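Coordinate analysis (summary)
Each chain, written out:
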Amino acid sequence: MKDKRILTGKQIAVKVGTLNIGGDNPSIMIAGPCAVESRQQVIDTALALKEVGVDVLRGGVFKPRTSPYTFQGMGLKGLEYLKEAGEKINTPIITELMDEKNLDAVVEYSDIIQIGSRNMYNYSLLKEVGGINKPILLKRGMSASIKEWVMAAEYIAAYGNNNIILCERGIRTFEVYTRNTLDLAAVPIMKSETGLPIIVDPSHGTGRKELIMPMAKGALACGADGLMVEVHIDPTEALSDGQQSLNPKEYKKMILELNRCSF
Ligand code: PEP
Ligand code: MN
């Protein structure tokens, strides 16, 4: 199978503006709220993150929620706020694209386009983002095997876009103590299978804020090229995923602790 593939394991670094992700480059921090909830919320969070250090600002504006009765995201207005927040702190932004109809807007506004766990199997969406010239962050499907995840990346590459960053965000297992089971073995495996940069999301990977720090350390020790962490200005008030979001003070503590470690 491997000789038919584009992603053969040769190391690829992905460029996002002046930022290089993967290869021998230092690990990067993607942080921000699960969802953009208001202009003030995303700007306040961005300013707090900037003080500590952040490479890419995240924020969902189209939210794939389990219940249709919960907050679904601000849509295009939220995208404008996220962009404004990113510009204020001079940092690229990432947001999730859920369907093809918003492709043009997301391509125009966002520096990296996230394909979420639920859409890893959406082959028509993968083909669409394969046809654009922007970095794609491809999250692992929550029930995806390594092989299926590799082939999802291969879809994007086969349609012309090699600027792919992988993101391990945990898989469903019998264990319910955590939201997902973070599969850190996938980090070195996906690197050698594809050569693509890989980052780890310990927020969705555990669902519990107290597990973010130990899993972040583990991820970097396993060779991850960066982390994606949910940070909210006040997680107790978050409209989604507050239980797995750090506040800016906790984020700072995590960064200081990670800086003390040598990976
Ligand atoms: C997210 O990062 O906002 C998200 C919804 O994550 P996942 O697709 O991993 O569930
Ligand atoms: Mn979330």
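Residues numbered from 1 in each chain as written. Chains lettered and ligands numbered in written order. Predicted model: local features only at pLDDT ≥ 70, side-chain atom pairs only at ≥ 80, totals over all residues. Heavy atoms only, no water.

Some remarks on the coordination of the manganese ion (ligand 2)
Around the manganese ion (ligand 2), the protein supplies Cys 34 (SG), His 204 (NE2), Glu 230 (OE) and Asp 241 (OD) as donor atoms, at distances of 2.0 to 2.4 Å. Considered as a linear motif, the donors of the manganese ion (ligand 2) on their single chain read C-x169-H-x25-E-x10-D. Taken together, the positions of Glu 230 in strand β10 (residues 226–230) and Asp 241 in the loop between β10 and α9 (248–260) put the pair 11 residues apart, joining distant regions of the chain. The same class applies to Glu 230 and to Asp 241, which are both buried. (Donors = N, O, S within 2.8 Å, 3.2 Å for Na, K, Ca; no water. Helix = DSSP H or I, 4+ residues; strand = E, 2+ residues; numbered from the N terminus. Buried < 20%, exposed > 50% of the residue type's maximum accessible area, 1.4 Å probe, protein only.)

Focus on the packing of helix α5 (residues 146–158) against helix α6 (residues 186–194)
Put simply, α5 and α6 touch, their axes get as near as 11 Å, and they point 45° apart. Viewed along their axes, α5 and α6 adopt a mutual orientation that is oblique. Once α5 is placed against α6, the crossing between them reads as right-handed. Contacts between α5 and α6 involve Ile 146, Trp 149 and Val 150 from the former and Ala 186, Ile 189, Met 190, Glu 193 and Thr 194 from the latter. In the contact of α5 with α6, the residues fall into 6 nonpolar, 1 polar and 1 charged. (Axes fitted to C-alpha atoms, helices over the stretch in contact; angles between N-to-C directions. Parallel < 35°, antiparallel > 145°, perpendicular 65-115°, else oblique. Left-handed = near helix turned anticlockwise from the far one by under 90°. Contact = heavy atoms within 4.5 Å. Nonpolar A, V, L, I, M, F, W, Y, C, P; charged D, E, K, R; others polar.)

Here's the deal with the site of ligand 1
In the vicinity of ligand 1, the contacting residues are Arg 58, Lys 63, Pro 64, Glu 96, Gln 114, Gly 116, Ser 117, Arg 118, Lys 139, Arg 169 and His 204. In this structure, Arg 118 approaches ligand 1 through a side-chain N or O atom, which is 2.9 Å from an oxygen atom. At 2.8 Å from an oxygen atom of ligand 1 is found a side-chain nitrogen or oxygen belonging to Lys 139. When ligand 1 is considered free in solution it has 300 Å² of accessible area, and contact with the protein chains removes 96% of it. (Near = heavy atom within 4 Å. Polar contact = N/O pair within 3.5 Å; in protein donor to acceptor, adjacent residues only side chain to side chain. Areas by Shrake-Rupley, 256 points an atom, 1.4 Å probe, with all protein chains shown as cover.)

Some details on helix α4 (residues 123–130)
The set of residues buried in α4 consists of Leu 125, Leu 126, Val 129 and Gly 130. When α4 is viewed along its axis, its buried side chains cluster within an angular range of 145° and face the same direction. If you follow the buried residues of α4, they end up packed against α3 (103–109), β6 (112–115), β7 (136–139) and α5. (Arc of directions from axis to C-beta.)

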